[in-house]
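# Examining the three-dimensional arrangement
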Amino acid sequence: MVSRQSDVDPAVIETAEDIEAMRIRGAATIADAAAEALATQAKRSAATEPDAFERQLRAAAKTLYETRPTAVSLPNALRYVLRGMDGETVSDRRATTIARAEEFQRELAQAQTTLGTIGSNRLCDGDVVMTHCHSTDALACLEAALEDGKSLEAIVKETRPRKQGHITARQLREWDVPVTLIVDNAARRSLDEADHVLVGADSIAADGSVINKIGTSGLAVNARERGVPVMVAAQTIKLHPDTMTGHTVEIEMRDDAEVLSEEQRADIASDAGDADDGLVVENPAFDVTPPRYVDAIVTERGQFPPESIVTLMRDLFGDAIGEPWEP
Ligand SMILES: O=P(O)(O)OC[C@H]1O[C@H](OP(=O)(O)O)[C@H](O)[C@@H]1O
């Protein structure tokens, strides 16, 4: 539940609620929306003192941060914008915050385009690509390959429980890519037809582990066994710097209702509704794919074997991290 702090603008609260409810979803889209929300907070702040202005921006960042715990693109976006807030007056702090948020959004869009070009180099004319969930970073690779004149086909996993695969299928059909939509459990069988598995990421850990939509790890294990290369498309905003100091990535557990309606629960558990009706629904939104099942992590800075992604992480983030809203 999004906390409603008095000095956080209603527009920021609305964005936070949209992210929490997944009306705004996808790690890159969430990061873009968070930067936009901080710019809105800055534009609308009625603070007359620079310290009060800064407190409001940090409160807004904390509100946004607390929406979803797994995609590191969110805190990375918040850190990036807040670290650009500068100046001794409200006016200066407002202007620098807005400019920094706009810079973040431009760089995010450019990074995805560059990543797509790099990822498309791994794809050949006539390839069949299996996708999981809906990743704009992954689709950027397919779009770049199509713009290069390569023909592609896709096997799209529906990706229960929220079926984000339908978003991918719709986008690919708009690009006139033949799509075979499959239930998640058919992935192993369909891998025989695939030349690549292409997925996105919510976070990349220092050891090269990939945190992505639930079902990614099982798909990657099956792909390794079937000899199908696994490509992870992930802008550097997905790199999780806290994992360089031993922190693990929290896996978001989402509501039962995404898996089972109250009517279905009542159909299964005759004494449904009792706290101890003996029926527990587990709904993890993400899982962790070990680096040994990943062939390449494609970023806007080039592609990396998972075991070496930490070199890029150190280069970009250094060691000083801290919470995104802290000074
Ligand atoms: O940043 P882009 O590549 O768009 O998406 C990255 C990942 O974010 C999504 O999470 P959710 O659907 O928001 O839970 C999926 O796990 C997807 O692979």
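The structure presented is a predicted model; accordingly, all values stated were derived computationally and were not measured. Numbering of residues starts from 1 in every chain and runs along the sequence as written. Local features in this predicted model are restricted to residues whose pLDDT is 70 or higher, and side-chain atom pairs enter the listing and the counts only when it is 80 or higher, whereas totals over whole chains, interfaces and linings include all residues. Here the side-chain values reflect all heavy atoms present in the structure, with hydrogen atoms and water set aside.

Right, let's talk about the UniProt feature "binding site: substrate" (unreviewed entry) in the chain for a bit. UniProt positions are given in the numbering used here, feature names are shortened, and annotations may be inferred rather than shown by experiment. The feature "binding site: substrate" (unreviewed entry), as annotated in UniProt, sits at Arg 25, Gly 26, Ala 27, Ala 28, Arg 68, Asn 212, Lys 213 and Lys 238 in this numbering. The greatest C-alpha distance among the annotated residues, which extend across 214 residues, is 14.3 Å, indicating that they converge on a single site. The way it works is that DSSP assigns letters per residue, a run of H or I at least four long becomes a helix, a run of E at least two long becomes a strand, and they are numbered from the N terminus. Relative to the helices and strands, Ala 27 resides in helix α2 (residues 27-44). The contact criterion used throughout is that any non-hydrogen atoms of two residues lie within 4.5 Å. Every residue in contact with Ala 27, bar those within four places of it in the chain, is listed here: Ala 71, Ser 73, Ala 201, Asp 202 and Lys 238. Structurally, Lys 213 can be placed in strand β6 (residues 210-213). Owing to a relative accessible area of 8%, Lys 213 belongs among the buried residues under this scheme. Buried means the residue's accessible area, taken with a 1.4 Å probe over protein chains only, is under 20% of the maximum for its type, while exposed means over 50%, and partly exposed covers the values in between.

A few words on the domain arrangement of the chain. Segment limits for the domains were obtained from an automatic or database-derived domain assignment. Parsing the chain into structural domains produces domain 1 (10-114) and domain 2 (122-246 + 284-317). Placing the centre of domain 1 and that of domain 2 at their C-alpha centroids yields a distance of 27 Å. Of the residues lining the interface, 18 residues belong to domain 1; the matching set on domain 2 comes to 23 residues. Between Lys or Arg on one side and Asp or Glu on the other, a salt bridge is scored when a side-chain nitrogen of the former is within 4 Å of a carboxyl oxygen of the latter. There are one salt bridge connecting domain 1 and domain 2. Of the charged contacts, one joins Asp 242 and Arg 79 as a salt bridge, the two residues approaching to 3.9 Å between their closest N and O atoms. Elements represented by at least two residues in the side of domain 1 that touches domain 2 include exactly α2, α4 (73-82) and α5 (90-120). Sort the elements by how many residues they give to the side of domain 1 that touches domain 2 and α5 lands first, with five residues. When residues are grouped by polarity, Ala, Val, Leu, Ile, Met, Phe, Trp, Tyr, Cys and Pro land in nonpolar, Asp, Glu, Lys and Arg in charged, and all others, Gly among them, in polar. Its residues placed into classes, the side of domain 1 that touches domain 2 shows ten nonpolar, five polar and three charged.

This part covers the site of the ligand. Being near a molecule or strand, for a residue, means having at least one of its heavy atoms within 4 Å of it. Contacts to the ligand come from 19 residues, most closely from Ser 135, Thr 136, Asp 202, Asn 212 and Lys 213. Within the contact set of the ligand, an oxygen atom lies 2.6 Å away from a side-chain nitrogen or oxygen of Asn 212. Considered on its own, the ligand offers 450 Å² of accessible surface; in the complex 100% of this is hidden by protein. Residue assignment for the shell around the ligand shows that the elements contributing at least two residues are α2, α6 (136-147) and β6. Looking at the shell around the ligand, its residues break down into six nonpolar, seven polar and six charged. Both domains that meet at the shell around the ligand, namely domain 1 (10-114) and domain 2 (122-246 + 284-317), each give it at least three residues. Each polar contact in these results corresponds to two N or O atoms within 3.5 Å; when the atoms are within protein, one needs to be able to donate a hydrogen and the other to accept it, and residues that are neighboring in sequence are counted only if both atoms are side-chain atoms. Here, Shrake-Rupley sampling with a 1.4 Å probe gives the accessible areas, and only protein chains in the shown set may cover a residue.

What follows deals with the side chain of Ser 217. Relative to the elements of secondary structure, Ser 217 occurs in helix α9 (residues 216-226). A distance of 2.8 Å separates the side chain of Ser 217 from the side chain of Asp 287, its partner in a polar contact. Excluding its chain neighbours within four sequence positions, the residues that come into contact with Ser 217 are Asp 287, Val 288 and Thr 289.

All right, on to helix α3 (residues 50-65) then. Compared with an ideal rise of 1.5 Å per residue, which puts 16 residues at 22 Å, α3 spans 22 Å between its outermost C-alpha atoms and is within 8% of the ideal. Of the positions making up α3, those classed as buried are Pro 50, Phe 53, Glu 54, Gln 56, Leu 57, Arg 58, Ala 59, Ala 60, Ala 61, Thr 63 and Leu 64. Residues of α3 that are buried make contact with α1 (10-20), α2, α4 and α5. For a helix, the expected span equals 1.5 Å multiplied by the number of residues minus one.

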